[in-house]
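Structural overview
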Amino acid sequence: QVQLVESGGGLVQPGGSLRLSCAASGSIFSIRSMGWYRQPPGKQREWVATVTADDTTNYAYSVKGRFAVSRDNAKNTVNLQMNSLKPEDTAVYYCTMTTKATMGDFWTPYWGQGTQVTVSS
């Protein structure tokens, strides 16, 4: 089993910045992709950003140019730097990682518990 713990959420004014982090622990042999999703109030969960094992990054159109995703393989962490935040970025943010416990294992996705980000004046 793998546990993901997010940190860094909070309240920020429009135009401000926040940095989210997510650390994985447990039975980890390798991590393929790492990323972030969010769920705005009253809406479905949506994809935000992904970083692959070779550090290729992809972003949702709504956050491109404002958010930056990065990974630290030595620490099994993924970060999301969020700049120029807008009220519509308000959501619960979830990290996700696809891992395997041994070389012969299947890849399995795991999710964090979520962290609230509120952008408001």
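Grouped together as the largest cluster of nonpolar side chains are 29 residues, with contacts concentrated most on Trp-36, Val-78, Leu-80, Met-82 and Tyr-93. Of all elements in the fold, only strand S1 (2-7), strand S3 (18-26), strand S4 (30-39), strand S5 (46-51), strand S7 (67-72), strand S8 (77-82), strand S9 (91-100) and strand S11 (115-119) reach the threshold of two or more residues within this core.

Let us now look at the sheet that holds S3. Read across the open sheet, the four strands follow the order S1-S3-S8-S7; overall the sheet is antiparallel. Here the strands that pair on one side only, and so sit at the sheet edges, are S1 and S7. With strand direction ignored, the average angle separating the axes of adjacent strands in the sheet is 15°. When S7 meets S8, the two strands line up antiparallel, connected through six bridges.

Under the definition given, this model contains three salt bridges. Each of Arg-38, Glu-46, Arg-66 and Asp-89 takes part in a single network of salt bridges with overlapping partners.

Reading guide: rules and limits
- Residues numbered from 1 in each chain as written.
- Predicted model: local features only at pLDDT ≥ 70, side-chain atom pairs only at ≥ 80, totals over all residues.
- Heavy atoms only, no water.
- Core = buried A, V, L, I, M, F, W, Y, C linked by side-chain atoms within 4.5 Å.
- Buried < 20%, exposed > 50% of the residue type's maximum accessible area, 1.4 Å probe, protein only.
- Helix = DSSP H or I, 4+ residues; strand = E, 2+ residues; numbered from the N terminus.
- Pairing = 2+ DSSP bridges.
- Axes fitted to C-alpha atoms, helices over the stretch in contact; angles between N-to-C directions.
- Salt bridge = Lys/Arg side-chain N within 4 Å of Asp/Glu carboxyl O.

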